[in-house]
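Listed below, chain by chain, are the residues.
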Amino acid sequence: MSPIFNEPFLAALLTGAIISALPLILAGLGEQMSERAGVMNIGLEGMMMAGALAGFAATLAGLGVWGGLLAGALVGAAVSVIMVLFCVRQGMNQIIVGIAITLGATGVTSLMHNAWYSRTYPRLDAAEKIALPGLSQIPVLGPGLFTHHPATWAGLLVALAFALIYRQTFLGLNLAAAGEKPDALDAAGIDVTRTRSLAVLIAGAMAGLGGAYMAVIGSGIFVPHMTGGAGYIAIVLAMLARDRPFWVVGGALLFGLCLSATTALQVGGIEVPTDFIQMLPFLAVMAVLVLFGRNARLPRALGQPYHRGQR
Amino acid sequence: MTESTEFLSGARPAAPRFGFLGPLVLALLPVLAALVAAGLVLAVLGSDPIEYYGYVVERGLLRWRGLQATVVNMVPLLILGGALIVSFRSGLWNLGIDGQYLLGTLTAGATAPLLAGAFSSIVALPLAMLAGAAAGALWALPPALLRARAGINEVISGLMMSLIAASLTAAAIKLWLKDPASLEPQTLTLPVEDRLPLLAGTDINIGIFIALGLVIAAHVLMMRSATGLRFRILGLNPLAATHAGLGVPKLTLSVLCLSGALGGLAGAVELTGVLGKMQASWHPGYGFAVVPLVFLARMNGWAVIVFVFAFSVLQIGSASAATRLGVPQDFTLVLVGFLLLFLALSEYAGERLRARKV
Amino acid sequence: MTASPSPIVSLRDVTKRFPGVLANDRVSLDFFPGEVHALLGENGAGKSTLISMLAGVQRPDEGEIAVSGAAVAIASPKHALSLGIGTVYQHRMLVPTLTVAENLMLGAPWWRRPALGGIRARFGEAAAAFGVSVDPDARVENLSLGEQQQVEIIRALWRGGRLLVLDEPTAMLSPRGVEELGAMMKRMTALGIGIVFITHHLTEALEFGDRVSVLRSGRSVGGIGPEALKTLPRPEAMAEVVRLMFGTGLATAEAAEGEAHVPRVLLATKMLEVVGLSGRSPRSGSSFEDVSFHVRKGEIFGIAGVDGNGQTPLAEALAGQISATGSVVLEGRELGPASVAQRYQLGLRYATDDRNGEGMVGKLPISTNMVLKEIGAAPFWRRGIERRAAIDAHARALFVAHDVRAPGIHTPVGRLSGGNIQKVLLARELSGNPKVIVYSKPTHGLDLRNIEATRRRIRETAEAGVASVLISTDLGEVLALSDRIGVMVRGRLVGIVENGPEARRDVGRLMAGITEQEAA
Amino acid sequence: ADVDTIAIVTPEQGTDFGWNQQGIEGLEAAAKATGTEAIIAQGLGYGNVRPTLRELAEDGAQLIIAHASGYSTEAIEVAKEMGVHMVTGNPSEPPLVANYNLTAEKGAYLAGVLAAKMTRTKVLGIVVSSESPNWNAQSAGFAQGVRATSPEIELRYAIIGPAAYADVAGARRVTESVIASNADIIFGQGNGSSFGMIQAVETVTPPSGEKVWFIDVIGDKTSIDKGHLLSSVIWDMAPVFTQMVEDVRADTFGTNTYALALEDGSQRLLQTGHIPAEIWAELEAVKAQIIAGEITVDLVLEPAATRAMMSTTLAAAE
Ligand SMILES: Nc1ncnc2c1ncn2[C@@H]1O[C@H](COP(=O)(O)OP(=O)(O)OP(=O)(O)O)[C@@H](O)[C@H]1O
Ligand SMILES: Nc1ncnc2c1ncn2[C@@H]1O[C@H](COP(=O)(O)OP(=O)(O)OP(=O)(O)O)[C@@H](O)[C@H]1O
Ligand SMILES: [Mg+2]
Ligand SMILES: [Mg+2]
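Residues numbered from 1 in each chain as written. Chains lettered and ligands numbered in written order. Predicted model: local features only at pLDDT ≥ 70, side-chain atom pairs only at ≥ 80, totals over all residues. Heavy atoms only, no water.

Draft legend 1. How the structure looks around the domain arrangement of chain C. Partitioning chain C into structural domains gives domain 1 (9–91 + 153–247) and domain 2 (270–360 + 434–519). Put simply, the middle of domain 1 of chain C and the middle of domain 2 of chain C, counted by C-alpha atoms, are 31 Å apart. (Domains from an automatic or database assignment.)

Printed below as a string of structure tokens:
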């Protein structure tokens, strides 16, 4: 093996994989919840952009990393209110409203960047990392996997929390029912609109959080269009993972590893056109759809508005 | 996706009392509201909205040169509009349109210069366009098959195919199709004199007639032909399609492949008319710009022409405004986003009013 | 058993309208504690609508609902549950992807952690008492419809409450399951709970019910009180209920019965012959088995039976919409796997009962819907392009001939009332050159005038030599129109009866599950 | 021919401290120097710029710089169509089309020398947003400078991706990996994404703990430096653009290629306070040698050839 594949380099690759996976994990988990409840959120990308700008601005204003993440989540949720009002309450077309949100948020954040940051390019200080005692000492894997900003762990904990919600709480059942058979949920005495609204708001918050993580911890800087399609990848991850949060995590990590592998191959001097490597994750998704598509069943009521008593 | 057709109900395809003016009138109010709202954003960010809009109209519409640019700019958007009319009216979401466009452009870029060397352009260009259309149809096939055979949502597979297309076209150019004389990764260039002829004394090539023809053809196909009626029934009520003996899987394949062929054709026409060559970095994302326009037009071909025209004025004008007034071009995204939201609102208000009358 | 004098829930002049339908017309009913109140009525009589207002799914347009004597506006299912009204709906209300236990827990406060163990144990007990064995950890989508219904009944039973509403709970139960349900209802009423019990099986209603009420065309047309029910001999009670339900002898229903059946002399030419046909609808999951019959030229062959006994998939199989095994012969020609379009071309028409679901494209105009099954054919299309003049002329002629009441032929068909949609549908299927027509509930949901007109048209068409298969749940209709009558029960054609004075009795017996041998 | 208005079209906003900003500032300086009016069309993206080019020509610009390699084909077409002078990266076609060769391989060579002298880990990183000819020329020039100074140094080369101009997160991730492979100086090229590289340089250290330096290209980011900007290969386009205007006036436009040169300082290494004086002096000497022709720097434009130089560097190390 080439001498460049030393331990720190591998660690950096792993770190990079995790850092680029985390926004996908957060947004993907949010989308998963929204889809579980029957609302397809194509506006995820826009919510991530909004969250990225908000998180960056808040951290820059001195609120710290956690303040930035919170701001991102709040703004993401605020943007998703549009989705709640138009799609959940009024039953409008979710794809159209989603595209509108993405276009609008991309445009607005680009304009704001131009107005506020384009002359100074402010950068944030590095979000300090915490090495998990013991684990981070594991050779080769330890440093890359277990030395991160605590928010990274919080992000992974969300997956655990969601899994618990889905498996262990009535909320989880309610969400699944809202996406599968909303009339049955309604008949059981639970407000479908409220359940779906909650899911959409959480999806918005998670997407905003993902964007904020990208800007505050991932890059430390905000530039227009910086989410670069991560929202769509998150949607795909959510669809493929269906109701299993850890599949979102796994898929996102795999995606991150793909990106890091690109760097590894290049730094190692192996000539593979980057375009091909960039294509791999999407090809993989298509392959999964072709092979397991029949199983990748979406919630029955996905995309369909619910109105009580309508035949 | 039955709800998609719910939204489309606004199209009221066969209501004769509106004709093609109806959708226009219904869309005018949200357009005004969106202009005002986006103007507020401009004002907040320190630009004068009146000056901006004035500049856009002056540069994109009133100046002869700008108007020509606007018309040329419309060509791919119109053909893509036709592609989306076919798909949306059939209740299918061909969001892989950008990938089909790229494949069509690439194929035309790879074939047109060679064909033009071998045949006269009267033969070469149509052949290149056919090749582009075929490539677009082929690119639409995987999502179409997945949808028709296994009922897998075409939105997600379409988006995937678009992302793959962006990388694939770049890789194909770099590895196999690169013009050896150029440093940039791009295909051979179709000489200016071999491209689609220009209207005398203008920058406008005859692609605009192809585009107008196609969008109207798409409209007529959907609204006047037997095939179009079958497609629409598929979108409006798949159960009725089965009941009436129309094969739903076959219709699904036909719709998505036809839409894909038009998507590919859009790229081929733009390449043979304007671009002349395909660059590895070329992904203009027209599809996502056209989706909202087709909705604003309520899937009516005539209204699509009007909205594409207005959008082109905005694009050409805002490119100038970016130069002179310092408002980034991304402002057009804000405007379109607002347009969609206000359109959705007016749709809702309309439903409410109608419900009250009943 | 002593019925307490004050009702748990009372309906007072409750009216509910849907576009084009008066589903409930000033209905007043009282539901008492400790009493099984059997609610009867033919399809579309408004039973489900009535109880959906009790359940908070619909709200009355007029009138009021009183709970324990006080008027309340039941705003939501949650509200209804809090008032102690539990409902088992006619259509399954279980989440297919969740397990039985999870479905049972649905509706509790969101933050609470489900105690699966307790649920399993309780469900086990209840299921045992009910005489069923359903795995509480099975996913609902893997259960049969009957098992699902049992789960729902158990859920409703153990939620308790004061009034239990069961909308056709026995539709999917086995005979033993029906008995268990009856016993269970007895135990519940002994505890003072009131039960509303909707069924199409008169025997069940009379056996389990303490009181019977009948809805007809949305109106409450009477019933049998507890005292009378106890004293009245069973056949007489049965006759009384039939009289109420189908209106025999009632002034309001005379028109519906139309002219009585007149025996006709028919040629022996077999137009349609069905041999050993079996099939299953992938959509609804309901099926039919080994059905054989034939229809002669000009004959009307009625198929009677309670809704949900496989009539729909049979009709769909005849029309070519679903695949089936067995043989269908049209005019001596084996159809084999011929497609819908081919069968239509050959003159086999299917007038579906699902007129809004599959029969019509609501957003397209009447004129287009009139040619929905002839898309691309001359003279309406030439070289693939529609010829509006021809389509409009065709539509206008049928519009007048079938007396469609609508603003014009370009009105979207979805805006029409149910009866007028039905006229458009029949106009389409009868136009051209039909040889065999399968009618599925052709007068379902029509008003009396339209029923009359439709029946006359069916008769005229038959007299012109068309062979007709008339599927209907309305026995009166079948008797009034058919030359022979087949009866379907649980997917099988259990018998064929020549129409005549004895036909009503014979068909009724077959429907009630009494085979010909037993009757004899 | 007479020139009173000159114009530039750039793909991004001129606020990137790089390619776009240098082009715009260069044009403004040239306009001042030649007494002409400047029109700036910025942020046009990488699409079809024919409409803008035509509009500028109609607005009176007689000389237009098509400031993105992807604009070349259309710029040449519009030049012929409208009869305006156009500057592109493609070969010259006098009288209307001239080539400008904005590669700073010599400046990059100097940067390579600087990096080789300053590194303590003996590992250097090159991070690029894409494999464009400009970047390739500089990467190769940098590698040559490094090798000439200290053959045992390892060179790690990484590309962020094809559409990576805005991918700051990706740039940061890739740069962090390269630093983790023990590089303590990063030669970064990538317009917008270079901010992600700087972010990485500012926030991580190689395993051996050294401070990491960043060597930038094209522009001068001193004003936003947080103490890691070692130098930059500056592209000062004002002399080039000025020369173009003068050539148009003298009707010699397009007869010679316009290039950045060490001689007139249009191609130079940025002197920052972080460069020790003695090293700077040595760099001045190397610069003189290059100008004198004693050192030749090969111009390498192809991706494969550029990558090959990296692997030879690696091979020399083993
Ligand atoms: N949500 C609704 N929208 C429109 N029409 C409705 C709706 N619900 C019921 N109807 C109509 O109201 C009438 C009564 O229907 P309902 O379901 O109450 O009948 P039912 O007595 O329960 O019949 P069945 O025995 O078939 O269950 C029917 O004509 C039906 O089509
Ligand atoms: N997928 C389903 N889930 C729950 N209940 C169902 C389902 N399909 C059918 N049912 C119920 O089963 C009963 C009969 O179904 P269906 O109407 O399809 O039968 P059918 O054989 O077509 O009878 P008919 O022609 O008389 O209507 C109805 O009460 C319906 O509510
Ligand atoms: Mg009912
Ligand atoms: Mg049925």
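Draft legend 2. A look at the pattern of salt bridges. By the definition in use, this model includes 49 salt bridges over all chains. In this structure, A:Lys181 engages A:Asp183 in a salt bridge whose closest nitrogen and oxygen atoms are separated by 3.8 Å. A relative accessible area of 28% means that A:Asp183 is categorised as partly exposed. Overlapping salt bridges bring together B:Glu58, B:Arg59, B:Arg63, D:Glu55 and D:Asp59 as one network. (Salt bridge = Lys/Arg side-chain N within 4 Å of Asp/Glu carboxyl O. Buried < 20%, exposed > 50% of the residue type's maximum accessible area, 1.4 Å probe, protein only.)

Draft legend 3. The arrangement of the arrangement of the chains in detail. Taking contact number as the criterion, the leading pair out of five pairs of chains in contact is chains A and B. One thing to see here is that chain C and chain D don't touch, and their nearest C-alpha atoms sit 38 Å from each other. (Contact = heavy atoms within 4.5 Å.)

Draft legend 4. Local environment of the nonpolar core. Among the nonpolar cores identified, the biggest contains 257 residues, and B:Ile233, B:Phe331 and C:Phe123 are the most heavily contacted of them. The element contributing the most residues to this core is helix H2 (residues 44–89) of chain A, with 18 residues. Ignoring any residue separated from it by four or fewer positions in sequence, one finds B:Phe331 in contact with A:Leu111, B:Ala38, B:Leu42, B:Tyr52 and B:Tyr53. Membership of the second largest hydrophobic core comes to 68 residues, among which are D:Trp19, D:Trp135, D:Ile185 and D:Val300. (Core = buried A, V, L, I, M, F, W, Y, C linked by side-chain atoms within 4.5 Å. Helix = DSSP H or I, 4+ residues; strand = E, 2+ residues; numbered from the N terminus.)

Draft legend 5. Representation of the sheet that holds strand S15 (residues 333–334) of chain C within the structure. Residue and element names in this part refer to chain C. With antiparallel pairing, four strands are arranged side by side in an open sheet as S12-S11-S14-S15. Each edge of the open sheet carries a strand with a single partner, namely strand S12 (287–296) and S15. Bridge count between strand S14 (residues 324–330) and S15: two bridges; the pairing is antiparallel. Within S15, the residue paired with valine 329 across the bridge is glutamate 334. Contacting strand S11 (270–280), S12 and S14, helix H11 (residues 311–319) crosses the sheet at an angle of about 60° to S12. (Pairing = 2+ DSSP bridges. Axes fitted to C-alpha atoms, helices over the stretch in contact; angles between N-to-C directions.)

Draft legend 6. Representation of the confidence of the model for chain C. Taken as a whole, chain C shows an average pLDDT of 85; of its residues, 90% reach a score of 70 or greater. Across residues 249–258 of chain C, confidence stays below pLDDT 50; counting only partners more than four residues off in sequence or on other chains, it has 17 contacts. (pLDDT = per-residue confidence, 0-100.)

Draft legend 7. Structural view of the pairing of strand S1 (residues 5–9) of chain D. Residues and elements named next belong to chain D. Within S1, five of the five residues are buried, which leaves the element mostly enclosed by the surrounding structure. Alternating positions in S1 separate into two faces, Thr5, Ala7 and Val9 on one and Ile6 and Ile8 on the other, with burial throughout. Where S1 lies against strand S2 (residues 37–41), five bridges are found, and the strand directions are parallel. Considered in S2, the bridge of valine 9 is made with alanine 41. Where S1 meets strand S3 (residues 63–66), four bridges bridge the pair, whose relative direction is parallel. Pairing of valine 9 across the sheet is with alanine 66, part of S3.

Draft legend 8. How the structure looks around the packing of helix H4 (residues 64–89) of chain B against helix H8 (residues 207–224) of chain B. All names here are of chain B. With their axes 8 Å apart at the nearest point, H4 and H8 run at an angle of 15° to one another. Between H4 and H8, the angle is such that the two are roughly parallel. As H4 runs across H8, the sense of the crossing is left-handed. Between H4, through Val71, Met74, Val75, Leu78, Ile79, Gly81, Gly82, Ile85, Val86 and Arg89, and H8, the contact on the second element is made entirely by Gly207, Ile208, Ala211, Leu212, Leu214, Val215, Ala218, His219, Leu221, Met222 and Met223. Looking at side-chain class alone, the contact of H4 with H8 contains 16 nonpolar, four polar and one charged residues. (Parallel < 35°, antiparallel > 145°, perpendicular 65-115°, else oblique. Left-handed = near helix turned anticlockwise from the far one by under 90°. Nonpolar A, V, L, I, M, F, W, Y, C, P; charged D, E, K, R; others polar.)

Draft legend 9. Fine view of the packing of aromatic side chains. Using the criterion set out here, one finds 20 aromatic pairs over all chains in the structure. Plain terms: the ring middles of B:Tyr52 and B:Phe331 are 5.0 Å apart, the flat faces sit at 80° to each other, and that makes the pair edge-to-face. Placement of B:Tyr52 in helix H3 (residues 49–62) and of B:Phe331 in helix H14 (residues 331–357) is noted, with a sequence separation of 279 residues between them. Across the pair, exposure class does not vary: B:Tyr52 and B:Phe331 are buried alike. Between B:Trp93 and B:Phe295 the ring centres are 5.6 Å apart and the planes differ by 10°, which places this aromatic pair in the stacked class. Within this pair, whereas B:Trp93 is found in the loop between H4 and helix H5 (97–118), its partner B:Phe295 is found in helix H12 (residues 286–296), the two being separated by 202 residues in sequence. B:Phe295 shares its class with B:Trp93; the two are buried. Here the aromatic residues A:Phe56, A:Trp116 and A:Tyr117 are joined through ring pairs into a cluster of three or more. Taking the ring centre of D:Phe195 as reference, the NZ or CZ of D:Lys221 above it sits at 5.4 Å. (Phe/Tyr/Trp six-rings, centres within 6.5 Å; stacked < 30°, edge-to-face > 60°. Lys NZ or Arg CZ within 6 Å of the ring centre and 35° of its normal.)

Draft legend 10. Main features of the pairing of S11(C). Residue and element names in this part refer to chain C. As paired elements, S11 and S12 share seven bridges and run antiparallel to each other. Within S12, the position partnered with arginine 280 by the bridge is serine 287. The pairing of S11 with S14 spans six bridges and is classified as antiparallel. When the bridges of S14 are listed, serine 278 appears paired with threonine 325.

Draft legend 11. Spatial organisation of the side chain of B:Ser162. Residues and elements named next belong to chain B. Tracing the backbone shows serine 162 in helix H7 (residues 154–177). Within the structure, the side chain of serine 162 is placed 3.0 Å from the backbone nitrogen of glycine 99, a separation counted as a polar contact. Ignoring sequence-local partners within four residues, the contact set of serine 162 consists of Leu95, Gly96, Ile97, Asp98, Gly99 and Trp139. (Polar contact = N/O pair within 3.5 Å; in protein donor to acceptor, adjacent residues only side chain to side chain.)

Draft legend 12. Focus on the sheet that holds S3(D). Residue and element names in this part refer to chain D. On the basis of which strands lie adjacent, the open sheet formed by six strands has the order S2-S1-S3-S4-S5-S11 and parallel pairing. Each end of this open sheet is capped by a strand with a single partner; those strands are S2 and strand S11 (258–259). The strands touched by helix H1 (residues 19–34) within the sheet are S1, S2, S3 and strand S5 (97–101), with S2 carrying the most contacts at an inclination of about 165°.

Draft legend 13. Spotlight on unusual backbone geometry. With an omega dihedral of 0°, the bond running from C:Ala378 to C:Pro379 counts as a cis peptide bond. Positioned with a positive phi, B:Arg298 is a non-glycine residue whose angle comes to about 50°. By the element assignment, B:Arg298 lies in the loop between H12 and helix H13 (301–325). Overall, B:Arg298 belongs to the buried group, its relative accessible area being 6%. Although it is not a glycine, C:Arg383 sits at a positive phi angle of roughly 50°. For C:Arg383, the location among the structural elements is in the loop between strand S17 (381–382) and strand S18 (385–386). On the accessibility criterion, C:Arg383 (79% relative accessible area) is exposed.

Draft legend 14. The arrangement of the interface of chain A and chain B in detail. Counting residues at the interface gives 45 residues for chain A, matched by 47 residues for chain B. The contact between chain A and chain B buries some 4,100 Å² in all, and 82% of this surface belongs to carbon and sulfur atoms. Remark: the boundary between chain A and chain B carries zero salt bridges. Counting across the interface, chain A meets chain B through two residue pairs in polar contact (both at pLDDT 80 or more). For the side of chain A that touches chain B, the elements supplying multiple residues, two or more each, are H2, helix H3 (94–116), helix H9 (230–241) and helix H11 (274–292) of chain A. (Buried area = accessible area lost by both parts, 1.4 Å probe.)

Draft legend 15. Representation of a nonpolar patch on the surface. All names here are of chain A. The grouping of Leu157, Leu160, Leu164, Phe246 and Trp247 at the surface amounts to a nonpolar patch, some 530 Å² of accessible area in total. Residue assignment for the nonpolar patch shows that the elements contributing at least two residues are helix H5 (150–168) and helix H10 (245–267). If one sorts the elements of the nonpolar patch by residue count, H5 sits on top with three residues. Here tryptophan 247 shows up in helix H10. (Patch = residues over 30% accessible without salt bridge, like charges linked within 9 Å, V, L, I, M, F, W, Y side chains within 5 Å. Areas by Shrake-Rupley, 256 points an atom, 1.4 Å probe, with all protein chains shown as cover.)

Draft legend 16. Representation of the packing of H3(B) against H4(B). All names here are of chain B. Two elements in contact, H3 and H4, have axes whose closest approach is 5 Å; the angle formed by their N-to-C orientations is 75°. The angle between the axes of H3 and H4 places the two elements in the roughly perpendicular class. Mapping the contact onto sequence places Arg59, Gly60, Leu61 and Leu62 in H3 and Trp64, Gly66, Leu67 and Thr70 in H4. The residue inventory of the contact of H3 with H4, partitioned by class, reads four nonpolar, three polar and one charged.

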